[in-house]
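# Residue-level structure breakdown
Listed below are the residues making up each chain.
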Amino acid sequence: MKLFPIRGGIHPDYRKERTSEKAIVALPMPSALYIPLQQHIGAPAEVLVAEGELVKKGQMIARSGGAVSSPQHAPSSGRIMAVTEVAAPHPSGLAQSTIILETDGKDEWGDLPEPIADPFTVDPHVIHDRVAQAGIVGMGGAAFPSAVKLNLGTQKKLEILLLNGAECEPYLTCDDRVMREYPDEVIDGARIMAHALGTPRVVIGIEQNKPQAIDIMTRAASAFPNVEVVGVPVQYPMGSERHLVQAITGLETPVRKLTADLGIVVHNVATARAVHHAIRFGRPLVARVVTVSGGAIREPNNILTPIGARVADLVEFCGGFAARPESVVNGGPMMGQPLPSLEVPVVKGTSGILALTAEEINDRPASACIRCGSCVTICPCGLSPVDMAAFVRKDNLEGAARLGVMDCFSCGSCSWVCPSHIPLVHYFNYAKGMLNDLDRELRKNEHVKALVEARTQRLEKAAEAKRAALAARKPASDNAPSSTSGEAKTATEEKANA
Amino acid sequence: MSIATITKSGPFAHATNSVQKTMFTVLLALAPATAFNLYLFGWPAILLFTVTVGACVAVEAACLALADRPVVATLSDYSAVLTGWLLAMSLPPWAPWWIGVLGAVFAIGLAKHAFGGLGQNVFNPAMVGRTVMLVSFPVVMTAWVMPHPLFSSGAPGLFEAFAITFGGHMPDAVSAASALGHIKTELSRHIPVTQSMADVPGLMDMMLGYRAGSLGETSAILILAGGLFLMSKRIISWHIPLSVMGGLFLMAAIFHAVDPARFASGSFHLVSGATFLGAFFIATDYVTSPVSKKGQLIFGLGCGVLIWLIRTFAGYPEGVAFAVLLMNGLAPIIDQYTRPRAFGRTGKGEPLPLGKEKS
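It should be emphasised that the depicted structure is a prediction, and the values quoted were computed from it without experimental measurement. All residue numbers here refer to positions counted from 1 along the written sequence of the relevant chain. Note on labels: chains are lettered from A, ligands numbered from 1, in written order. Residue-level local features of this predicted model are given only where pLDDT is at least 70; pairs of side-chain atoms are given and counted only at 80 or more, and the full residue set underlies all totals for whole chains, interfaces and linings.

## Details of the overall build of chain A
- A run of H or I in DSSP counts as a helix once it spans at least four residues, and a run of E counts as a strand once it spans at least two, with each numbered from the N terminus. Helix and strand counts for chain A come out as 16 helices and 17 strands.
- Projected onto its principal axes, the C-alpha positions of chain A cover 100 × 65 × 45 Å.
- Taken across its 498 residues, chain A has 53% of its residues classed as buried.
- Residue pairs at least 24 apart in sequence account for 72% of intrachain contacts in chain A once pairs closer than 6 positions are excluded. Each residue is classed by its C-beta neighbour count within 10 Å, where at least 20 other C-beta atoms makes it buried, 12 or fewer makes it exposed, and intermediate counts make it partly exposed; the C-beta atoms are placed from backbone geometry. The contact criterion used here is simple: two residues whose C-beta atoms, placed from the backbone, lie within 7 Å are in contact.

Shown next as structure tokens:
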């Protein structure tokens, strides 16, 4: 298959060999699970259980909180200990509403929805509803509710379901292992999703540094003429949705558009497997494979983890720390988020937990920019980080926005390559946050202004009507003075109300 | 802004490169050509080289101390050493010590620190140093000598060298004209290029460096080797060197074809003067050249054309320093107009129309 080049990108040390040959092992069920109500993009889920209630594995314990939301299910059987505030797996460490489940060790499944016997003959909305019910979200890290994305077929004519198995982040091997150990489940899930989306073709993109996965998946896909496995070049950030679409189809997604506008929907390979489980067995998403790695971890591993297990449980299972970790990261080292502590739960979007030593991170104090232009050369979005950073440093956010800082998706390539170790992504995240705040403020102000204007008009109209009524009632000679007083009164009224 | 106070966001991985490593690699790339030329021009050149690099480091230290910046930490980025090195390479090899010292003051003090230090300067510091010296002391700055290899007969010993560098005793007999200078002088006496070319060293000697010229510019081959080394290390890309030499060669070749008596050939322009040094080591200076590849091509082409124009029509026989400085001044504007096209946008920054195929 002909591939297309993508712009820029980097070739970091992948360090995947630490876990790529480690078969997936299940984490012993922790005594308590912490299930946050918001593990996805969109509205938080709404709690369905009360303290003390007994639940079975797979039972829905919080329902979808809106059109873009996702329910939560009990990852094991046990008793609800509390619904309370617990630190979120987020750099802020802020507390978040969380259901705490005390497991009973039996891990008993509850009543599950019936499997869909022949998913390729049912109406797409049946698949969509099941995926929504199963609480499946994008497992590549973004955690966008998958059902919403599966619905795109009803609005647009779609050509390709692109399954993202690029796994371009260093260290991470969870998708690699899932593809190597469960190729048939992944491909079955993908075909079901393709049916739901109405796409005639399924393309599975895998970076060429995973030859076994490519090989196994190609063999598994050979039975299906419309499923194709493609080895894509090893080039970070190949796993970015827009870049993978460009590499495979040559199509460049315009800004503020979706890949779906080009007829392509991208889903992660682990998501496809979760769909397989939901459709064929009625099982909701209650566990995922997490790569636990990094120089500070004694025995790195790929671990099948129930949602809600604490990061500390995973670290302990891996033999604890062999060295002092400088940072513990949720996700890959390039785009992952630092974790404030180990007492936070694994959520549906957690692909990796990395305990990295200072040596691996190799961060140094920033020195002066020497304008080497490396950041411009490697930016996969075609931006000029050097110039944007200069604006952000002076807090000239408008200037940074003009240069396209909002187009940056924080892939981290510029920070990685910078010889002066300038934290460019940090600058851009700051700018994006501030610009979003400003935008929200602006929209709020406009809304208030519109309301005030509408009110003024309404008052004027009322005054007008009053005047007209008065004029009609009184004789013509008295008209002038009374109308003046009427106007004065309206003015005072308005002043008081303002 | 409050970036410093909160935890830094990712990435949690970094390449192993650093400013110090970059500068050191450039020094390494310059070393063979420098060593060979120091050998060719002997003890006076070694003394001048030492004085110039030393002066640059001293001025840098003084400026850093004045600005209350960390002195030792910043000096160890080698940028001042590199500036001093390039400045020394652009001076006549037997020039007196004060040329190096004064050049250092202008290069580091004026061109670099007055603008805010490393990364902030608009103009190439070494070239500012050289140009100020050339304009202020044209006689001293054009006193060329033919190579007097170390320990060869007639080469000055260490004591004579001290007299030359620190005593101002330039022996009269050794002076020679650079090839570019020679042709220019002869042209002014109405002797055509075709005839004066007979007196300049052959193409091979010019390539190897056995000719009169600045301290470090004469060995085109060794400079080329250093440049290729830098490319292999991905410190520089081909864009600037190739466009500088391409621009110069093209202009020279076209005009040479039209009137060989008036205009020297393209290959002569390439191997003479500081063409190679300029193309690989001076025009490629990160700070003072554009950041985008497209911008670098325009910048290099401009340098090449300007070098030829200055060599051919201006009062000075050599134009690399002037050409680079002129293009330095344009670099920020070039940068503004050559920003890469953003993903998903047209060159004008508008969202791409749907369905447009890019390959």
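There is more to say, and it comes next.
## A short note on the overall build of chain B
- Looking only at helices and strands, chain B features 15 helices and 2 strands.
- Taking 359 residues into account, the globule formula puts the C-alpha radius of gyration at 21 Å, and chain B, at 22 Å, falls close to it.
- In terms of overall dimensions, chain B has a C-alpha envelope of 70 × 55 × 35 Å along the principal axes. C-alpha atoms define the radius of gyration, and 2.2 Å times the number of residues to the power 0.38 defines the globule rule.

## Some points on the interface of chain A and chain B
- Residue-level contacts link 57 residues of chain A with 38 residues of chain B.
- If you tally residues by element for the side of chain A that touches chain B, the top one is helix α15 (residues 424-473) of chain A, at 5 residues.
- The residue classification treats Ala, Val, Leu, Ile, Met, Phe, Trp, Tyr, Cys and Pro as nonpolar and Asp, Glu, Lys and Arg as charged. All others, Gly included, are polar. Class assignment for the residues of the side of chain A that touches chain B results in 30 nonpolar, 17 polar and 10 charged.

## Focus on the pairing of strand β7 (residues 78-87) of chain A
Residues and elements named next belong to chain A.
- Alignment of strand β4 (residues 54-55) against β7, held across 2 bridges, turns out to be antiparallel. Considered in β7, the bridge of Leu54 is made with Arg79.
- Should DSSP find at least two bridges between two strands, the strands are taken to pair. Of the pairings in the sheet, the one linking β7 to strand β8 (residues 95-103) comprises 9 bridges and is antiparallel in character. Bridge assignment links Ile80 to a residue of β8, and that residue is Leu101.

## Some thoughts on the sheet that holds β8(A)
- Taking strand neighbours across the sheet as the criterion, the 4 strands line up as β2-β8-β7-β4 (chain A) in an open arrangement whose pairing is antiparallel. Whereas interior strands pair on both sides, the edge strands pair on one side only; in this sheet they are β2 (32-36) and β4 of chain A.

## What to know about the environment of Pro91(A)
All names here are of chain A.
- Following the sequence through the fold, Pro91 ends up in the loop between β7 and β8.
- For Pro91, a count of 17 C-beta atoms within 10 Å translates into the label partly exposed.
- Expressed as a C-alpha distance, the spacing of Pro91 and Ser341, which sit 250 residues apart in the sequence, is 9.0 Å.

## A word on the packing of helix α4 (residues 174-181) of chain A against helix α6 (residues 211-221) of chain A
Residue and element names in this part refer to chain A.
- Every axis corresponds to a line fitted to the C-alpha atoms, with the helix fit spanning only the stretch in contact, and the corresponding angles, defined between N-to-C directions, vary from 0 to 180 degrees. Direction vectors running N to C along α4 and α6 enclose 35°, while the axes themselves pass 8 Å from each other. The hand of the α4/α6 crossing is left-handed. For the pair α4 and α6, contact is made by Asp176, Met179 and Arg180 and by Gln212, Ala213, Ile216 and Met217, respectively.
- When its residues are assigned to classes, the contact of α4 with α6 shows 4 nonpolar, 1 polar and 2 charged. In this scheme the handedness of a crossing depends on how the near helix is turned from the far one: anticlockwise by less than a right angle means left-handed, clockwise means right-handed.

## Details of the sheet that holds strand β17 (residues 352-356) of chain A
All names here are of chain A.
- Read across the sheet, 6 strands follow the order β1-β14-β13-β17-β15-β16 without closing on themselves; strand pairing throughout is mixed. On the outer flanks of this sheet lie β1 (25-26) and β16 (337-338), each paired with one strand and no other.
- The pairing of strand β13 (residues 287-293) with β17 spans 3 bridges and is parallel. Paired with Val292 across the strands is Ile353, a residue of β17.
- Running at roughly 125° to β13, α4 makes contact with β13, β14 (301-306) and β17 of the sheet.

## Quick look at the domain arrangement of chain A
Residues and elements named next belong to chain A.
- Delimitation of the domains relies on an automatic or database domain assignment. Split by domain assignment, chain A resolves into domain 1 (31-285) and domain 2 (367-474).
- Once you take the C-alpha centre of each, domain 1 and domain 2 turn out to be 32 Å apart.
- Opposite the 5 residues of domain 1 that make contact, domain 2 presents 5 residues.
- Class assignment of the residues belonging to the side of domain 1 that touches domain 2 gives a composition of 3 nonpolar, 2 polar and no charged.

## Quick notes on the packing of helix α3 (residues 79-89) of chain B against helix α4 (residues 97-112) of chain B
All names here are of chain B.
- Closest axis-to-axis distance for the α3/α4 pair is 10 Å, and the angle between their directions is 130°. Relative to α4, the element α3 is oriented oblique. Handedness of the α3/α4 crossing: right-handed. Between α3, through Ala80, Thr83, Gly84, Leu87 and Ala88, and α4, the contact on the second element is made entirely by Gly100, Gly103, Ala104, Ala107 and Ile108.
- Its residues assigned to classes, the contact of α3 with α4 comprises 6 nonpolar, 4 polar and no charged. Any angle from 65 to 115 degrees is called roughly perpendicular, while one under 35 is roughly parallel, one over 145 is roughly antiparallel, and all others are oblique.

## Examining the pairing of strand β11 (residues 227-232) of chain A
Residue and element names in this part refer to chain A.
- For β11, the tally of buried residues reaches 5 of 6 residues, placing the bulk of the element in the interior.
- Alignment of strand β10 (residues 201-207) against β11, held across 6 bridges, turns out to be parallel. Note on β11: the bridge partner recorded for Ile206 is Gly231.
- Viewed along the sheet, the connection from β10 through α6 into β11 turns out right-handed. By convention, orient the strands away from the viewer: a clockwise path from the first strand over the helix to the second makes the crossover right-handed.

## Some details on the nonpolar core
- Here, a nonpolar core denotes buried Ala, Val, Leu, Ile, Met, Phe, Trp, Tyr and Cys residues that are linked to one another through C-beta atoms within 7 Å. In terms of nonpolar packing, the biggest core is built from 247 residues, with Ala190(A) and Leu314(A) touching the most fellow members.
- Looking at this core, the element that brings in the most residues is helix α1 (residues 19-66) of chain B, giving 22 residues.
- Two domains share this core, each providing at least three of its residues, namely domain 1 (31-285) and domain 2 (367-474) of chain A.
- Not counting residues within four places of it along the chain, the set of residues in contact with Leu314(A) comprises Leu27(A), Val290(A), Val292(A), Ile303(A), Thr305(A), Ala309(A), Val346(A) and Ile353(A).

## Observations concerning the environment of Asp199(B)
- Take Asp199(B): it is sitting in the loop between α8 (193-196) and α9 (203-208).
- Distance in space between the C-alpha atoms of Asp199(B) and His182(B) is 8.4 Å, their sequence separation being 17 residues.

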